[in-house]
Amino acid sequence: MSKSIFELVDNLPDNNVTTMMLRSLDSIVPGQWENTVGFENTIHKVTGESDEGMIQQIGDRAVRLYNDKSQGYLRAMWLYQTVDRTDRALGTAALANKVGDKIPLLGGLLSKVTPNPDKAQSLDLCIKLVVELVAFCQINGIPGDSIGDFVGALSDYSGESLMRMAALVCVDGLIPLGPDFLLKAQSTLGGIGPKDLESNSTFSSVKELIPGGNTKGQLGFIGNSFDSVQGWMANFVQERNLTPQKVMGNLQGFLEFSENKLDYVAAFIDMSTNYYEHTGTQTLARRLIERAIDEI
Amino acid sequence: MIGLRKFLVALLLTSVLFVTSCTQQAPSRFDGAQQESTSKGATAVVDSSQSGGSFNRYFPSDSNGYQRVYTQEKKGFAEAKLKKDGQEIAIMSISDTLNNPTSVDKFKESTSKIGGYPTVNQGSTGTAVLVGDRYQVKIRSKDASFTESDRTSWLGKFDLKGLSKLK
């Protein structure tokens, strides 16, 4: 049986490789992400309420909404959890090797990771983007009456959602694929067929919730979704002057590595963090609590 | 002596087993809601409630530097942010109380009205109005500059009369 929403939020870690990585990216989206953990604490943070009776009512309503399968929250949570394929043992080993505030990515740790080939990495990036879009619709519905309203809702990303997108651009885009990661992703998508998509492990894990009917349709959906948000991503990179070198500087706040090992850094972060699941749980809890307080 | 040592070791091992098998989550004040809502046939939203999209048109429009950004649209529920100069100052929502019938109880203690409908303050930041004994329209302040009187005034900008006719 799946865990309750309060267990999931109560069990979010205060400090692990994921939170260290996200904190290192703070200067890219300053002050947007705070690692809010604990269900009652989240209710308090989101609503500003501290009356025990109110917290009980809000929490009860949120729990009920989350468990109603027709409401999409369970599917969104599953997507966030499934798209992150984390090797928890690697995360634990990395923390055990910590020297001061930093994890040295050398020797033993380095030998445990294998960099993703560009094609697989490009696909992973696109699939994570699609997962975000699908999870957004599962959580929020399709707000408003027009495409403009919907785009308005999407571009209103802030807090942990914006941090998730920042991390996606940085550690799944710029670091493994370089400054032209959007072009690489686009040319990968343009050059593959349904068979290639089928053989991608990230896709196979989440394919049942990707719209499109069959693999060919799903490939089309992934392409269209990518086209619709790549402008946003390009803007995000441009406005902040993001380069692999700049992101590397951020990551060096928690990770020690040599500059010619960027593909290993990306592979290590991919395997040892679950930033989609972590911030996705926070996003979902926030939206659920907002709805719950409005409905009580 | 050996017998006693064996006994102690066995006791220790059993207690370790016992303790580790019991490292479940501590009881939570939300366990009741969890159990009820995961029992067979339980739902949080009823089929007869209105679609969220049917509420959109009753929200106040953009005006004088205020911007409305729709944020959620789920069955029986629609929500929008109210922004001023790009800053979020309040959250506005309409919900169908068929999905959470106890939410109407608080309006029995209402002493004032907006557009002829009973209104109450709720919690430290919210004001709500009950339209046609069914739809709850609520505004919550997200910034201290948006006061109780702002909430009351913005509740009056919803098309409450139109909403009361929604069947």
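In what follows, the accompanying structure is described.

Conventions adopted
Residues numbered from 1 in each chain as written. Chains lettered and ligands numbered in written order. Predicted model: local features only at pLDDT ≥ 70, side-chain atom pairs only at ≥ 80, totals over all residues. Helix = DSSP H or I, 4+ residues; strand = E, 2+ residues; numbered from the N terminus. Rg over C-alpha atoms; globule rule 2.2 N^0.38 Å. Buried ≥ 20, exposed ≤ 12 C-beta atoms within 10 Å, placed from the backbone. Contact = placed C-beta atoms within 7 Å. Pairing = 2+ DSSP bridges. Axes fitted to C-alpha atoms, helices over the stretch in contact; angles between N-to-C directions. Parallel < 35°, antiparallel > 145°, perpendicular 65-115°, else oblique. Left-handed = near helix turned anticlockwise from the far one by under 90°. Nonpolar A, V, L, I, M, F, W, Y, C, P; charged D, E, K, R; others polar. Expected span 1.5 Å × (residues − 1). Core = buried A, V, L, I, M, F, W, Y, C linked by C-beta atoms within 7 Å.

A few words now on the overall build of chain A. Across its full length, chain A carries 17 helices and two strands. Expected size for 296 residues packed as a compact globule is a radius of gyration near 19 Å; at 19 Å, chain A falls within 12% of this value. Counting only residues that meet the buried cut, chain A has 48% of its 296 residues in that class. Across chain A, every contact between residues at least 6 apart in sequence was considered, and the portion connecting residues at least 24 apart equals 79%.

Below, the discussion takes up the overall build of chain B. Each helix and strand counted, chain B has four helices and seven strands in total. Reading chain B from its N terminus to its C terminus gives the helix and strand order α-α-β-β-β-β-β-β-β-α-α. Residues counted as buried form 35% of the 167 residues belonging to chain B. Partitioning the contacts of chain B with sequence separation of at least 6, the portion at a separation of at least 24 is 46%.

A few words on the sheet that holds strand E4 (residues 112-114) of chain B. Residues and elements named next belong to chain B. Taken in spatial order, the seven strands of this open sheet run E1-E2-E3-E7-E6-E5-E4, and their pairing is antiparallel. Each edge of the open sheet carries a strand with a single partner, namely strand E1 (66-74) and E4. Between one strand axis and the next, the sheet turns through 25° on average, direction left out of account. Where strand E5 (residues 117-122) lies against strand E6 (residues 126-131), four bridges are found, and the strand directions are antiparallel.

What follows deals with the packing of helix H10 (residues 159-177) of chain A against helix H16 (residues 262-272) of chain A. All names here are of chain A. It is the contact of H10 with H16, at a shortest axis distance of 8 Å, that shows an interaxial angle of 160°. With respect to their mutual orientation, H10 and H16 come out roughly antiparallel. The element H10 and its partner H16 pack so that their crossing is left-handed. Judged by residue contacts, Val171, Ile175 and Pro176 of H10 engage Leu262, Asp263, Val265, Ala266 and Ile269 from H16. Taken together, the residues of the contact of H10 with H16 sort by class into seven nonpolar, no polar and one charged.

A few words on H10(A). Over its 19 residues, H10(A) extends 26 Å from the first C-alpha to the last, a length consistent with the 27 Å expected when each residue adds 1.5 Å. Most of H10(A) is tucked away: 17 of the 19 residues are buried.

Right, let's talk about the interface of chain B and chain A for a bit. Listed as interface residues are 32 residues of chain B and, on the opposing side, 34 residues of chain A. Mapped onto the side of chain B that touches chain A, the elements with two or more residues apiece are helix H2 (31-38), E1, strand E2 (77-84) and strand E3 (87-96) of chain B. If you tally residues by element for the side of chain B that touches chain A, the top one is E1(B), at six residues. Here the side of chain B that touches chain A is built from residues that sort into eight nonpolar, 19 polar and five charged.

The next subject is the nonpolar core. Grouped together as the largest cluster of nonpolar side chains are 88 residues, with contacts concentrated most on Ala62(A), Cys126(A), Ala167(A), Cys170(A), Val265(A), Leu288(A) and Ile289(A). Grouped together as the second largest cluster of nonpolar side chains are 26 residues, Ala153(A), Ala78(B), Ile139(B) and Phe158(B) included.

The subject of this paragraph is the environment of Glu148(B). All names here are of chain B. With respect to the element layout, Glu148 can be found in helix H3 (residues 148-155). When the 13 C-beta atoms within 10 Å are taken as the criterion, Glu148 is described as partly exposed. A sequence separation of 27 residues divides Glu148 from Asn121, and the C-alpha atoms of the two residues are 8.4 Å apart. Apart from residues lying up to four places away in sequence, Glu148 is in contact with Asn121 and Thr127.

What follows concerns the pairing of E5(B). All names here are of chain B. Of the pairings in the sheet, the one linking E4 to E5 comprises three bridges and is antiparallel in character. Looking at E5, one finds that Ile114 is bridged to Tyr117. Where E4 hands over to E5, the hairpin turn is made up of two residues, of which Gly115 adopts a positive phi near 55°. With antiparallel pairing between neighbouring strands as the criterion, E5 and E6 make up a hairpin whose turn holds three residues, including Gly123 at a positive phi of roughly 60°.

Looking now at the packing of helix H4 (residues 52-67) of chain A against helix H17 (residues 275-295) of chain A. To characterise two packed helices, one gives the angle between the axes of the helices and the distance between these axes. All names here are of chain A. Relative to each other, H4 and H17 sit at 115°, their axes nearing to 8 Å. Seen from above, H4 lies across H17 with right-handed handedness. Of the residues in H17, those touching H4 at Ile58, Arg61, Ala62, Leu65 and Tyr66 are Leu288, Ile289, Arg291, Ala292, Ile293 and Glu295. For the contact of H4 with H17, the per-class residue count stands at eight nonpolar, no polar and three charged.

With that out of the way, let us pick up unusual backbone geometry. In this structure, Asn241(A) takes a positive phi of about 50° despite not being glycine. Along the chain, the position of Asn241(A) falls in the loop between helix H14 (215-239) and helix H15 (244-251). At Asp133(B), a residue that is not glycine, the phi angle is positive and equals roughly 55°. Looking at the secondary structure, you find Asp133(B) in the loop between E6 and strand E7 (135-141). Look at Asp133(B) and you get exposed, because 11 C-beta atoms sit within 10 Å.

Remark: a regular strand shows side chains that alternate across the two faces of the sheet. Residues and elements named next belong to chain B. In terms of burial, E2 is largely enclosed, as six of its eight residues are buried. In this structure, E1 lies alongside E2, joined through eight bridges in antiparallel fashion. Looking at E2, one finds that Gln72 is bridged to Glu79. Between E1 and E2, which pair antiparallel one after the other, the connecting turn spans two residues, and Gly76 there sits at a positive phi close to 80°. The sheet contact formed by E2 and E3 spans eight bridges and is antiparallel. Directly across from Phe77, in E3, lies its bridge partner Ser95. Once E2 ends, the chain turns through two residues before running back antiparallel as E3, passing Asp85 with a positive phi of about 50°.

All quantities given are derived from atomic positions and should not be read as evidence of function.
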